[in-house]
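Residue-level structure breakdown
Here is what each chain is made of, one letter per residue.
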Amino acid sequence: MATSRRKTGPGRWQGAVIVDVVFEDGLLFLAVQNFGDAPARRVSVRFDRALPGAGGRIDVATLALFRNIEFLAPRKSIRTFLDTTASWFARDAPTRFAARVTYVDAAGRRRSATVAHDLEIYRDIGYVRRGADQGGKDGSAT
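Residues numbered from 1 in each chain as written. Predicted model: local features only at pLDDT ≥ 70, side-chain atom pairs only at ≥ 80, totals over all residues. Heavy atoms only, no water.

Some words on unusual backbone geometry
- A positive phi angle, near 60 degrees, is found at R75, a position not held by glycine.
- Considering the arrangement of structural elements, one finds R75 in the loop between strand 9 (69–72) and strand 10 (77–84).
- With a phi close to 55 degrees, D92 is a non-glycine residue in the positive phi region.
- Relative to the elements of secondary structure, D92 occurs in the loop between helix 1 (85–90) and strand 11 (96–104). (Helix = DSSP H or I, 4+ residues; strand = E, 2+ residues; numbered from the N terminus.)

The structure is reproduced here in structure tokens:
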């Protein structure tokens, strides 16, 4: 991962924004994350390819979320549903993509970071779907 970061104090980073993939119980999400200690402004993301999510019905890479986030608070994450792993891999959707994030840090400097992802790592991960009526206690079938 290539990123530009600047320390703002002992052990603190300023405005480090990335796009990450979040896997939860067989669901894939894309998250725009500011893991820095300062806000980021005018955050935008460009993907190197289309991302046919939600069962192939929409190109998630074109969502307004990725065009402009005017203000992203420190330690904040905004995420959107990409697809289920079952659906993604059944369609042979692309597993590799890169996301280039650009933003303005608290000092007014333009920053960018490119993160490469490979969804293939999620293909064989086992998971248990919890039903709403189970209260999240176990994964037994209803």
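Remarks on the environment of E24
- By the element assignment, E24 lies in strand 4 (residues 17–24).
- For the pair E24 and Y127, spaced 103 residues apart in sequence, the C-alpha to C-alpha distance is 8.3 Å.

Focus on the sheet that holds strand 10
- Taken together, three strands build an open sheet; the order of strands is 4-5-10 and the sheet is antiparallel. Each edge of the sheet is formed by a strand with only one pairing partner; in this case those strands are strand 4 and strand 10. Strand-to-strand twist across the sheet, computed as the mean angle between neighbouring axes with direction ignored, equals 25 degrees.
- Direction of pairing for strand 5 (residues 27–34) relative to strand 10: antiparallel, over a ladder of seven bridges. Counted as the bridge partner of L27 is T84 from strand 10. (Pairing = 2+ DSSP bridges. Axes fitted to C-alpha atoms, helices over the stretch in contact; angles between N-to-C directions.)

Focus on the pattern of salt bridges
- Using the criterion set out here, one finds seven salt bridges in the structure.
- In this structure, E24 and R79 form a salt bridge, with 2.9 Å as the shortest nitrogen-oxygen distance. In this pair, E24 is assigned in strand 4 and R79 in strand 10, connecting sequence segments 55 residues apart.
- Residues R91 and D83 are paired through a salt bridge, measuring 2.7 Å at the closest nitrogen-oxygen approach.
- Looking at R91, the relative accessible area reads 28%, which means it is partly exposed.
- Using a relative accessible area of 2% as the deciding quantity, one classes D83 as buried.
- A single network of salt bridges, built from pairs that share partners, joins D105, R109 and R111. (Salt bridge = Lys/Arg side-chain N within 4 Å of Asp/Glu carboxyl O. Buried < 20%, exposed > 50% of the residue type's maximum accessible area, 1.4 Å probe, protein only.)

Overview of the side chain of T85
- On the secondary structure map, T85 appears in helix 1.
- When its relative accessible area of 6% is taken as the criterion, T85 is described as buried.
- With sequence-adjacent residues up to four places away left out, T85 is seen in contact with F23, G26, L28, Y122 and Y127. (Contact = heavy atoms within 4.5 Å.)

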